[in-house]
Amino acid sequence: MMPETLPITDLTAAITASRKISEDVSVITFECPEIASVARPGNFVNIKVNDTTQPLLRRPFSIHNVRGNSIDIMARNVGCGTAILAGSPCFSTMQVLGPLGNSFDILNPSFDTALLVSGGIGTAPMLFLEKQLALQGSGCINFVGGRTSRDLLLQNLSNCRTATDDGSAGFRGTVVELLEHDIEALGKKSRLKIFACGPNPMLRAVAAFSRKYGIACEVSLESIMGCGIGICYGCSVEVRAPGGGIETVLLCREGPVLDAGRLVL
Ligand SMILES: Cc1cc2nc3c(=O)[nH]c(=O)nc-3n(C[C@H](O)[C@H](O)[C@H](O)COP(=O)(O)OP(=O)(O)OC[C@H]3O[C@@H](n4cnc5c(N)ncnc54)[C@H](O)[C@@H]3O)c2cc1C
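Okay, so let's go over this structure. Because the structure is predicted, anything quoted here is derived from the model rather than measured.

What counts and how
Residues numbered from 1 in each chain as written. Predicted model: local features only at pLDDT ≥ 70, side-chain atom pairs only at ≥ 80, totals over all residues. Heavy atoms only, no water. Pairing = 2+ DSSP bridges. Helix = DSSP H or I, 4+ residues; strand = E, 2+ residues; numbered from the N terminus. Contact = heavy atoms within 4.5 Å. Axes fitted to C-alpha atoms, helices over the stretch in contact; angles between N-to-C directions. Buried < 20%, exposed > 50% of the residue type's maximum accessible area, 1.4 Å probe, protein only. Near = heavy atom within 4 Å. Polar contact = N/O pair within 3.5 Å; in protein donor to acceptor, adjacent residues only side chain to side chain. Areas by Shrake-Rupley, 256 points an atom, 1.4 Å probe, with all protein chains shown as cover. Nonpolar A, V, L, I, M, F, W, Y, C, P; charged D, E, K, R; others polar.

Concerning the sheet that holds strand 9 (residues 139-146)
An order of 11-10-9-8-12-13-16 is seen for the 7 strands of this open sheet, with the pairing classed as mixed. Each edge of the open sheet is held by one strand with a lone partner, namely strand 11 (171-172) and strand 16 (257-259). Of the strand pairs in this sheet, strand 9 and strand 10 (residues 160-164) are connected by 5 bridges, and their pairing is parallel. When the sheet's bridge partners are listed, Gly146 is paired in strand 10 with Thr164. Docked against the sheet, helix 5 (residues 200-213) engages strand 8 (113-119), strand 12 (192-197) and strand 13 (216-220), running at close to 170 degrees with respect to strand 12.

A short note on helix 3 (residues 126-135)
Where helix 3 is concerned, the buried positions are Met126, Leu127, Phe128, Leu129, Glu130 and Leu133. Buried-residue contacts for helix 3 involve strand 5 (65-67), strand 8, strand 9 and strand 12. Just downstream of helix 3 lies Gly137, where phi reads positive at about 85 degrees.

Describing the site of the ligand
Every one of the 19 residues lining the ligand counts as a neighbour, but Arg59, Pro60, Arg76, Gly81 and Thr82 are closest to it. Contact between the ligand and Gly79: an oxygen atom at 3.1 Å from a main-chain N or O atom of the residue. Here Gly81 contributes a backbone N or O atom positioned 2.7 Å from an oxygen atom of the ligand. Protein contact buries 74% of the 850 Å² of open area that the ligand shows by itself. Elements represented by at least two residues in the shell around the ligand include exactly strand 4 (59-62), strand 6 (70-76) and helix 2 (80-87). Tallied by class, the residues present in the shell around the ligand amount to 11 nonpolar, 5 polar and 3 charged.

The structure is reproduced here in structure tokens:
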């Protein structure tokens, strides 16, 4: 993961497009040139969805895509903040703070093929990551998992392998079982690196898989988060310290991307 020294901006940004891509997931476009021009894959934004105290705090979202002066976020409607986001019409404005957090380390790659492993709404950062990998000429395969075919968020991703728990699309099983299934063929082809985002049990399984096969792996974690800039301590998580033992880090500052070896399994 790349430590960030990017300029952070707090903008009043207009929604320029919003579309539902599944029953409960929307892709929302914000015009924010200052963020779009410097964002890296893995960064997130923290959004104040209205100017009332309901909800009081901003809500964090991965940067799903960058196009010109705009960024897209992909948001699952799970509560009051995301319901407001999904229901806000074009030309309404929100306070968007970003880019925040660190980013996936794709520079000077020691790999030729990136495995982008995601589950559920964890697929959100993968489009931006895939585009940056393509720009630098790295190969990439998406491994996308979901409970059923309706939970697969494949829009605009290329080169996708899919897994569903119920077998309604792609491989029947988890996305990590699909990786196990494919690893022999993959490993013969090239040097691999895994970039993963999804629910914590999936990330723990990906971390164990990467250790088993000696594959470099970065994971993007989620936690409850408040300020997004290291003041409120709302996003502290326990991880392995580089020198051994356990330490507490703030995910908004040291993450959300961590080396998989730091996950407490
Ligand atoms: C770095 C980061 C990046 C994220 N990226 C995305 C993204 O790209 N797309 C997306 O849809 N969501 C993303 N999330 C999760 C998203 O921030 C929460 O779903 C959102 O804040 C919920 O707000 P709400 O007001 O709708 O829900 P609330 O009404 O506050 O809560 C509804 C439910 O969601 C749970 N919840 C609240 N906040 C979080 C959270 N941070 N993580 C997990 N569960 C939560 C609550 O425990 C509760 O069960 C990200 C979270 C982090 C920390």
